[in-house]
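Spelled out from the first residue to the last, the chains are:
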There are 2 protein chains.
Amino acid sequence: MINIAIIGFGVVGSATYETTVENAKLIEKRVGDTVKVKKIVDIRDFDDHPAKGLLTKNFEDVVNDRTISIAVESIGGLRPAFEFTKALLMSGKSVVTSNKELVATHGLELADIASRNNVSYLFEASVGGGIPIIRPLKQCLAVNEFTEIIGILNGTTNYILTKMREEGSSFADALKDAQEKGYAELNPAADVEGYDTCRKLSILCWTAFGKLVDIEKFDRKGISGITAEDITKAKAAGCVIKLVGRAKMVNGEVKCSVAPEIIPLGGPLAIADGVDNVIIVRGNFIGETTFYGPGAGGRATASAVMSDVIEIARSIVSHRRA
Amino acid sequence: MINIAIIGFGVVGSATYETTVENAKLIEKRVGDTVKVKKIVDIRDFDDHPAKGLLTKNFEDVVNDRTISIAVESIGGLRPAFEFTKALLMSGKSVVTSNKELVATHGLELADIASRNNVSYLFEASVGGGIPIIRPLKQCLAVNEFTEIIGILNGTTNYILTKMREEGSSFADALKDAQEKGYAELNPAADVEGYDTCRKLSILCWTAFGKLVDIEKFDRKGISGITAEDITKAKAAGCVIKLVGRAKMVNGEVKCSVAPEIIPLGGPLAIADGVDNVIIVRGNFIGETTFYGPGAGGRATASAVMSDVIEIARSIVSHRRA
């Protein structure tokens with residue numbers, strides 16, 4: 001049996017738990033061993049949850065449990081996720097995360113700590129929600145010299161822009177609707193000003209170009225200045241407005257920008273509506289390939305989290321046999 | 001150094017050779033060792049090719065070379081590819097292939113021979129050209145109970161249908177054009193009657209559902225009966241006609257069909273024009289995710305071939321260190 005822990009029992013953490021219950025047999029078949037959630041860390045109470053017996057408020061319970069080999073960090077934000085992740089890696093546990101802020105800020109250091117402790121730090125779920133993108137860049141497209149990555153990487157802004165187009169709403173009204181539906185935070189700056197897209201693009205650059213570009217160096221513009229009139233004009237021209245991140249190799253340097261763009265209908269960037277994300281990858285052999293799907297949502301993100309858990313679990317099983 | 005051989009020096013084989021020359025340093029960095037083509041087998045002469053010194057007409061030269069650990073089978077068709085692949089696997093070499101006919105027909109047997117000889121038989125390039133799809137199904141989406149796969153998997157028919165729509169041509173004229181451009185064979189039945197799509201769908205079923213469905217059991221209809229009038233009618237209704245493969249889990253059984261469908265513009269299936277392919281995957285956690293890109297072409301297909309070569313090469317390097 002392979003024991004895992006979930007640190008942070010919010011939308012992603014609880015959906016990750018659901019995978020191990022609903023698809024337990026399938027996971028066992030694909031890993032070659034059972035994968036079981038042994039402990040869940042959260043400061044909140046979940047008295048009515050079927051997993052309540054696994055919950056603890058004490059993070060040390062996981063660090064000190066030698067039978068746990070993989071921890072899922074789904075707290076989000078920098079603190080305490082950074083300290084927790086370091087402690088987990090140094091105690092010899094692999095860590096899987098959906099935390100794009102942490103990966104974009106401290107990813108290099110955490111990957112280094114993981115490597116020195118002979119464990120893994122994986123983050124497929126940190127970009128594009130459930131869409132497979134990190135592993136395809138590292139494995140499926142590994143022979144390519146990457147030249148460019150283009151993406152709609154933030155579900156909140158995409159939802160707002162879709163709403164403005166479909167209903168003619170103002171930015172303020174569409175944002176309010178997104179906040180009421182739980183798609184936008186009360187302080188929406190990280191999303192609407194493009195910081196979240198910067199972070200995800202930075203993670204993609206690290207993966208594709210081997211360089212974790214400082215997001216302060218990005219050319220960044222958010223969508224808060226987009227008016228209903230801008231949207232109407234774009235619509236009349238057969239176009240949509242999307243917040244697009246672009247990273248391009250220019251003379252050995254990675255140039256990154258995040259800004260709203262007017263996109264003609266019919267192309268791959270235009271198909272991502274609502275909270276969907278789309279990522280276009282260009283390389284010197286593949287030409288261009290596109291990944292499209294749910295950029296957010298607990299179950300979709302848990303699909304990505306578990307792809308990392310399953311990869312590590314398979315490796316544990318294979319080393320046990322060797 | 002990891003030595004590989006290329007068996008069949010056509011469009012895919014020669015592009016695979018190009019990756020090892022053009023991206024040699026990048027491959028070395030990503031594998032942790034140099035990867036070199038040591039021998040190329042083809043019955044034709046390539047006197048002006050820079051790789052002419054590596055060419056041999058004698059397949060046994062590869063089988064008997066113990067320093068070669070990976071062979072790329074890019075001959076296509078069943079014979080002699082089947083016998084060659086068996087001999088290679090039994091001599092302890094991993095085999096990577098773009099040969100969908102062979103994988104769809106003898107994949108189970110070949111995977112079994114590979115497993116018994118402790119080597120790999122990988123076929124990322126057999127479906128969707130350069131689009132990452134086999135590895136995403138096996139790894140990135142591994143936690144999902146797959147429910148449905150939908151795809152435009154044949155570039156030739158998609159090129160013909162795109163041509164008919166854009167230029168109002170008849171099926172016969174569009175086919176002739178595709179033949180002149182080298183996109184369709186002189187005997188086009190495998191493509192236009194849907195057999196090629198059946199084979200690729202069958203490989204996807206094997207990968208996603210664990211069942212290699214006999215293509216004789218598919219509900220199959222090709223595009224040779226599509227008229228210019230059908231296309232015009234679809235166009236007037238804001239639709240396009242595409243040859244679509246569908247595989248669905250129904251009460252534990254996989255139901256497969258391949259047929260032309262009228263698709264509304266704007267959705268992911270409609271964006272694949274020309275020789276592009278698109279594959280939509282549905283699962284119980286991911287919901288739906290889409291892969292889109294070049295379904296054919298030497299360099300794009302070589303990108304997929306080399307993803308398998310790099311995976312095996314990395315595993316050789318990692319076992320050497322262990």
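All residue numbers refer to position in the chain's written sequence, counted from 1. In the order they appear in the text, chains get letters beginning with A and ligands get numbers beginning with 1. For a predicted model such as this one, the threshold for reporting local features is a pLDDT of at least 70, and the threshold for listing and counting side-chain atom pairs is 80 or more; totals across whole chains, interfaces and linings nevertheless cover every residue. Only heavy atoms go into the side-chain values, all of them from the structure, while hydrogens and water stay out.

Undergrad: Would you explain the overall build of chain A in this entry?
TA: Within chain A, the regular secondary structure consists of twelve helices and twelve strands. In terms of C-alpha radius of gyration, chain A reaches 20 Å, essentially the compact-globule figure of 20 Å for 322 residues. On the principal axes, the C-alpha backbone points of chain A span a range of 60 × 50 × 35 Å. Each residue is assigned to one of three classes by its accessible area relative to the maximum for its type, calculated with a 1.4 Å probe on protein chains only: buried under 20%, partly exposed between the two thresholds, exposed over 50%. Expressed as a percentage of the 322 residues in chain A, the buried residues total 57%. Contact definition: two residues touch when any of their heavy atoms are within 4.5 Å. Across chain A, every contact between residues at least 6 apart in sequence was considered, and the portion connecting residues at least 24 apart equals 69%. Values of accessible area rely on a 1.4 Å probe in the Shrake-Rupley scheme; residue burial ignores everything except the protein chains shown. Here chain A displays about 13,000 Å² of accessible surface, and carbon together with sulfur accounts for 50% of that area. Across chain A, the mean location of the 38 positive side-chain charges is 5 Å away from that of the 40 negative side-chain charges. Runs of E in the DSSP output that reach at least two residues are strands. Runs of H or I that reach at least four are helices, and both are numbered from the N terminus. We take the radius of gyration over the C-alpha atoms and set the globule estimate at 2.2 Å times the residue count to the 0.38 power. Neither His nor the chain termini are counted; the positive set is Lys and Arg, and the negative set is Asp and Glu. Every charge is mapped onto a representative atom, which is NZ of Lys, CZ of Arg, CG of Asp or CD of Glu.

Undergrad: How do you make sense of the sheet that holds strand S9 (residues 239–250) of chain A when you look at a structure like this?
TA: As a general point, the strands of a sheet are linked pairwise by backbone hydrogen bonds and lie either parallel or antiparallel. In this analysis, strands are considered paired if DSSP registers two or more bridges between them. Read from one edge to the other, the open sheet built from twelve strands follows the order S8(A)-S10(A)-S9(A)-S7(A)-S11(A)-S12(A)-S12(B)-S11(B)-S7(B)-S9(B)-S10(B)-S8(B), with strand pairing classed as mixed. At either end of the open sheet lies a strand with only one pairing partner, and these are strand S8 (219–220) of chain A together with strand S8 (219–220) of chain B. Direction of pairing for strand S7 (residues 146–152) of chain A relative to S9 of chain A: antiparallel, over a ladder of four bridges. Considered in S9 of chain A, the bridge of Gly-151 of chain A is made with Gly-245 of chain A.

Undergrad: How should I be thinking about the pattern of salt bridges in this particular structure?
TA: A side chain with one charge may pair with a side chain of the opposite charge, provided their charged atoms come close. Residues and elements named next belong to chain B. Criterion for a salt bridge: a side-chain nitrogen of Lys or Arg within 4 Å of a carboxyl oxygen of Asp or Glu. Throughout the structure, instances matching the rule amount to 48 salt bridges over all chains. Here Glu-18 ties to Arg-299 by a salt bridge, and the two come within 3.0 Å at their closest N and O atoms. Of the two residues, Glu-18 is situated in helix H1 (residues 11–22) and Arg-299 in helix H12 (residues 298–321); the sequence distance between them amounts to 281 residues. Between Arg-79 and Glu-83 there is a salt bridge, and its shortest N-O distance comes to 2.8 Å. Judged by its relative accessible area of 55%, Arg-79 falls in the exposed class.

Undergrad: When you look at the side chain of Thr-289 of chain B in this model, what are you seeing that I'm missing?
TA: Relative to the elements of secondary structure, Thr-289 of chain B occurs in strand S12 (residues 287–294). Not counting residues within four places of it along the chain, the set of residues in contact with Thr-289 of chain B comprises Ile-131, Pro-132, Tyr-292 and Gly-293 of chain A together with Leu-141, Ile-279, Ile-280 and Val-281 of chain B.

Undergrad: What is the right way to look at the relation of the copies chain B and chain A in this model?
TA: Two copies of a chain can be linked by a rotation about an axis combined with a shift along that same axis. Overlay of chain B on chain A (RMSD 0.0 Å): rotation 180 degrees, translation along the axis 0.0 Å. Such a combination of turn and shift is consistent with a two-fold rotation axis. Relative to the rotation axis, the closest C-alpha in chain B is found at Phe-291 of chain B, a distance of 2.5 Å. A symmetric contact is evident, with 100% of the interface residues of chain B recurring at the interface of chain A. Our superposition of the copies is a least-squares fit, built on the C-alpha atoms of residues whose pLDDT is at least 70 in both.

Undergrad: Honestly, the interface of chain B and chain A in this entry has me stumped. Any pointers?
TA: Interface size is often expressed as the accessible area that is lost when the parts come together. With 43 residues of chain B at the contact, the number on the chain A side is 43 residues. Put simply, buried area is how much 1.4 Å-probe accessible surface two parts lose in total, over both of them, once they are put together. When chain B packs against chain A, the two sides together hide about 3,600 Å² of surface, and 57% of this comes from carbon and sulfur. When the area that chain B buries against chain A is broken down by residue, the three leading residues are Cys-140, Val-143 and Phe-285 of chain B, summing to 20%. Summed over the shared surface of chain B and chain A, the number is zero salt bridges. Under the rule applied, a polar contact is a pair of N or O atoms within 3.5 Å (in protein, one hydrogen donor and one hydrogen acceptor; residues adjacent in sequence only if both atoms are side-chain atoms). Joining chain B to chain A, the criterion identifies 22 residue pairs in polar contact (both at pLDDT 80 or more). Sorting the residues of the side of chain B that touches chain A by element identifies H1, helix H2 (24–31), helix H6 (134–140), S12 and H12 of chain B as the ones contributing at least two each.

Undergrad: How do you make sense of the packing of aromatic side chains when you look at a structure like this?
TA: Aromatic ring pairs: the centre-centre distance and the angle between the two ring planes describe each pair. Residue and element names in this part refer to chain B. Ring geometry is summarised as follows: Phe, Tyr and Trp rings, the Trp one being its six-membered ring, pair when their centres sit within 6.5 Å, and such pairs are stacked at plane angles under 30 degrees, edge-to-face over 60 and tilted between the two. On inspection of all chains with the given rule, the structure shows 13 aromatic pairs over all chains. Note on Phe-9 and Tyr-17: the rings are 6.2 Å apart at their centroids and 75 degrees apart in plane angle, and the pair reads as edge-to-face. For the pair Phe-9 and Tyr-17, a shared accessibility class is recorded, and that class is buried. Considering the side-chain rings of Phe-123 and Trp-206, the 5.2 Å spacing of their centres and the 10 degrees angle between planes classify their relative orientation as stacked. Of this pair, Phe-123 sits in the loop between strand S6 (121–122) and H6 while Trp-206 is found in helix H10 (residues 195–209), placing the two residues 83 residues apart along the sequence. The class for Phe-123 is buried, based on a relative accessible area of 7%.

Undergrad: Could you clarify how one ought to interpret the sheet that holds strand S5 (residues 94–97) of chain B in this entry?
TA: Residue and element names in this part refer to chain B. The strand order S3-S2-S1-S4-S5-S6 describes an open sheet built from six strands, whose pairing is parallel. The open sheet terminates on both sides in strands that have one partner only, identified here as strand S3 (55–56) and S6. Inspection of the sheet shows strand S4 (residues 68–73) paired to S5 by four bridges, in the parallel sense. The residue of S5 that forms the bridge with Ala-71 is Val-95.

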